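What follows is each chain in one-letter form.
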Amino acid sequence: MAPRDSKKLEEISNSLNQQYEEKVRPCIDLVDSLRSLGVEKDLSLPAIAVIGDQSSGKSSVLEALSGVALPRGTGIVTRCPLVLKLKRVETGVAWSGHISYQKKERVLSKPEDVGTAVSDAQNALAGNGKGISHDMITLEIKSSKVPDLTLIDLPGIARVATGDQPVDIEKQIKDLIEKFIRRQETISLVVVPANIDIATTEALKMASKVDPHGLRTLGILTKPDLVDKGAEDTVVSTVNNQVITLKKGYMMVKCRGQQDINANLSLAEALQKERDFFEQHPHFRPLLEEGRATVPLLAEKLTKELVEHIGRSLPHLKQQIDLKLEVTEKKLKQLGDGVPQDENEKKSFLIQKINGFNQILTDVMRAEEDTSSGTRVFTKIRAEFTKWKSQLDKKTTTFEENLRDEVEEYSRVRRGKELPGFVNYRTFENIVRNHIKELEEPALQLLTDVTEIVHSCLNEIANTHFEAYSNLLRAAKEPIEDLHEEEYEKAKEKIKSQFRMERLVYSQDGLYSWKLESVKNKPEPKRNGFAYAMSADVRQMAQHLSAYFMITSDRLANQMPLIVQYHVLHEYISHLQTAMLAMIGEKNAVKLIEEDSGVARRRKAACERMDRLRKARQVLSKFVISGPCLAPCAKPFTMDITMIDELPSPIPPQPPTISTSFLGHFCTSSIDVPQTSR
C-alpha cells in the first residue's frame, strides 16, 4: 500500500475511533452505571444474558471475548449470575480488573487472578457445595484488547442432580435463568454445540418460551470441529436461519477445548487457530466471509446489538423510573417520618395523625377528596342515586301500561252502587298502597349499597393513613364498625317510616290538581295501533292513579337519597371524627402510635429505593440531554491475536488495517430520544 493511502486510512481510523469513544462507550457506561446504583432491583435494564446447557461451550465463549480464564470444571461451574463488564481502553494502558459482590470488592492486577477471584466469590455467595445463588457478582475488565460490551453469564442448565447438588437443582437453575430472560429488556444469547440437534437443547427451549417469535434471541454455535462428516450442511442451514428462525440470527465460533488448555494454548493463539479453521474449512468458510463466524466478529455483533438495544430502551426506561418514583413517594408518605422519641412530641404527633385523618374524612363528606387514587366517594354514591331514580321511572312506566287492566279488574270485582265515572276512593287507596309497597325493597337496597361504599372507603383511608401504627389502626376500626351499623339501622328505620307514611296517601290540593290535569291532557293509550276503549269509571280511576303515583315517585326520588346521605355519610363521618378526637385524651394514648417492628425496615427500604431512583433519573437525564448514543450500528471490534494474557511465544503486533466492512458498518447518526428538562 502506498504511504499516502496508508496515512489516509490511519486518519480515517483515528476519526472513527474518536467518534466510537464519544458515542458507543457512553451508551454501555450508562446502563452499567444504572446497574451499579442497584436500579435493577426496581426495574429491568437492557442486557445480554448468556445461557446454555451444561458443556455447551458457554464458558469458552466468554473466555474468548474477555481474554481471561474463567472457572472451569465438571458439573455446574457458574453458580451465580456474573455481570461481565468489558471496557476497551487506549493502547498502552495497563490491564486492570475489579470484582465486587454484596459489599465486598477486590482489585485484580493480572488476568490470571480472575478465575480464583470468581470462584471465591461464588463460594461466598452460594456456599462451597454445588448449590446456586441469585446474588450477582460483577467482574469489570479494562483492556485495549477487549470489546466494549457487558454480558450477564448465567448457570448452565443441569438436567439431573449429581453428587452433593440439591435434588431440585434443575428447577433452581431454570427459575434463575427465566428471571432474567423473561424481561423484554434482555437479549438472550443462547450457546449451543454445533454437533447436536439444536431443537433438543433446553436453553433454546427456554428462550423460545419467553420469546416465541425469536425477536430478542441470538444463537451461538460452538464446537464446529466436532461436527460429523456429512452433517455440515445441516449446521450451515442452522446458521443461515433455515432451521429455527431467530430475528437476530446465528453466529459460529470455535474456542479452546480441554485438549487445547492441556497443551497450554493461549487465548490469543486460540483466536488465530479459530480463524485458520474457518478459512480452511470447505463448508464453513462462507460463514466467515459473510461475517457470521469467529469470536472477533461475534464481539462486533454483540456490541452493535447491545448499543441498538440500549438506544431503543431509553425512552421507556425514563418513564419506568418516573413511575417507580411516584409510587415510592406515595409509599413513603404513607409510612411517614417515624415516631418522635420525646413524650410531648409523641402527643403532638398523635394529634397530627388524627387531625390528618379527620381532614380526609371532611374532604370525603364534602366531595373534595384527592382523586389521584380513584373515583370520589360521592361520585359513586350519586351513581346509586341515579340508579334509584331509574327504578322509579321504570316503575312509573310499567304502572301506566298495566293500570287499565288493573283498574278494570278492581271495578269488575269490587265496584259498589256508584254509577260509572264515580271514583271509589277505597279502591284508589288500595291500588296506590300496593304499588308503593313494591318500592320499599329497592329503597333498602339503595341504603345497603351506599353504606357499603362509605364503609369500604373509610376502612381504606384508615388502612392507608395508619398503616405504620397497628394500635391506632385497631382503635380506629372500632368506631368505624360500630358507627357503620348504628347509622345503617337509623337510616333503615327512617326509610321504613317513610313508606309507612306513604300509606296515608296525601298530596297538596294544588299540586295534585295540576298533576291530574296534565295526565288528562295526555293522548289516550293505544293497543296494537288502535285506541283502547275504556268505560268512564276505569278512565277516571286510571287518571287519578297515574297523577298520584307520579307525585309519590318524585317525592321518593329525593327523600330516599336525603335519608341515606344524611345518616351513612354525614352523621357516620361526623360521629367518627368525634370518636377519633376522644382518643387523644385517653390514658396511655401515646401507645396508639407505637410503630410496628417491620415499618422502620420498610421505610428504610423505600428511602433507599427513592435515593437510587433519583440518582438514576439524574444520570439518565444528563445522558438524554447530551445525546451521545450511537444509532443502530456500532464500530466493529477488531480483536488482535496479541490478547491480554502472557504468550509463551509472543507474536509481534501487526499494524492496524481497516476493511471495507469496518467502514461500512459504522454510522454516526444519533438515536432519536425525546429531550427532557432537567
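Q: Explanation requested: the pattern of salt bridges in the structure shown.
A: Any two side chains of opposite charge can pair, on the condition that their charged atoms come close. Under the counting rule described, the total for this entry stands at 35 salt bridges. In this structure, Glu63 engages Arg256 in a salt bridge whose closest nitrogen and oxygen atoms are separated by 3.4 Å. Separated by 193 residues along the polypeptide, Glu63 in helix α2 (residues 58–66) and Arg256 in the loop between β9 (250–252) and α7 (258–262) bring together distant segments of the chain. Taken individually, Glu63 and Arg256 each receive the classification buried, so the pair is uniform in this respect. Of the charged contacts in the structure, one is a salt bridge between Lys174 and Glu170, with a shortest N-O distance of 2.9 Å. Within this pair, Lys174 and its partner Glu170 are both found in helix α4 (residues 169–181), separated by 4 residues, close to a single helical turn.

Q: Hey, could you run me through helix α3 (residues 114–126) in this one?
A: With 13 residues, α3 extends 18 Å from end C-alpha to end C-alpha; this agrees with the ideal 18 Å at 1.5 Å per step. Among all positions of α3, only Val114, Gly115, Ala117, Val118, Ala121, Gln122, Leu125 and Ala126 are buried. Buried residues in α3, looked at end-on, bunch into an arc of 165°, giving them a common side. Buried residues along α3 sit against β3 (96–101), β4 (104–108) and β5 (137–143).

Q: In this structure, what is going on with the packing of α4 against helix α5 (residues 202–210)? I would like to understand it.
A: Two numbers describe how α4 lies on α5: the axes approach to 10 Å, and their chain directions differ by 45°. The angle between α4 and α5 places the two elements in the oblique class. Crossing hand, α4 versus α5: right-handed. On the side of α4, the interface is formed by Lys174, Ile177, Glu178 and Ile181, while α5 contributes Glu202, Met206, Ala207, Lys209 and Val210. Looking at the contact of α4 with α5 residue by residue, the classes come out as 5 nonpolar, no polar and 4 charged.

Q: I'm lost on helix α13 (residues 425–437) in this one. Help?
A: Structural remark: α-helix, 3.6 residues per turn; residues separated by three or four positions point the same way. Between its first and last C-alpha, α13 extends 18 Å over 13 residues, near the 18 Å set by a 1.5 Å rise per residue. Within the span of α13, buried status applies to Thr427, Phe428, Glu429, Ile431, Val432, His435 and Ile436.

Q: Got a minute to help me understand the sheet that holds strand β6 (residues 149–153) in this structure?
A: Hydrogen bonds between backbone groups are what pair the strands of a sheet, and the pairing can be parallel or antiparallel. Spatial ordering of the open sheet is given by β4-β3-β5-β2-β6-β1-β7-β8-β9, a layout of 9 strands whose pairing is mixed. The strands lining the two open edges of the sheet, one partner per strand, are β4 and β9. Geometrically, the sheet is characterised by an average inter-axis angle of 20° between neighbouring strands, direction not taken into account. Where β3 lies against β4, 5 bridges are found, and the strand directions are antiparallel. The residue of β4 that forms the bridge with Ile99 is Arg106. Along the sheet, helix α6 (residues 232–239) makes contact with β8 (217–222) and β9, crossing β9 at roughly 135°.

So, how was this worked out
- Residues numbered from 1 in each chain as written.
- Predicted model: local features only at pLDDT ≥ 70, side-chain atom pairs only at ≥ 80, totals over all residues.
- Heavy atoms only, no water.
- Salt bridge = Lys/Arg side-chain N within 4 Å of Asp/Glu carboxyl O.
- Helix = DSSP H or I, 4+ residues; strand = E, 2+ residues; numbered from the N terminus.
- Buried < 20%, exposed > 50% of the residue type's maximum accessible area, 1.4 Å probe, protein only.
- Expected span 1.5 Å × (residues − 1).
- Arc of directions from axis to C-beta.
- Contact = heavy atoms within 4.5 Å.
- Axes fitted to C-alpha atoms, helices over the stretch in contact; angles between N-to-C directions.
- Parallel < 35°, antiparallel > 145°, perpendicular 65-115°, else oblique.
- Left-handed = near helix turned anticlockwise from the far one by under 90°.
- Nonpolar A, V, L, I, M, F, W, Y, C, P; charged D, E, K, R; others polar.
- Pairing = 2+ DSSP bridges.

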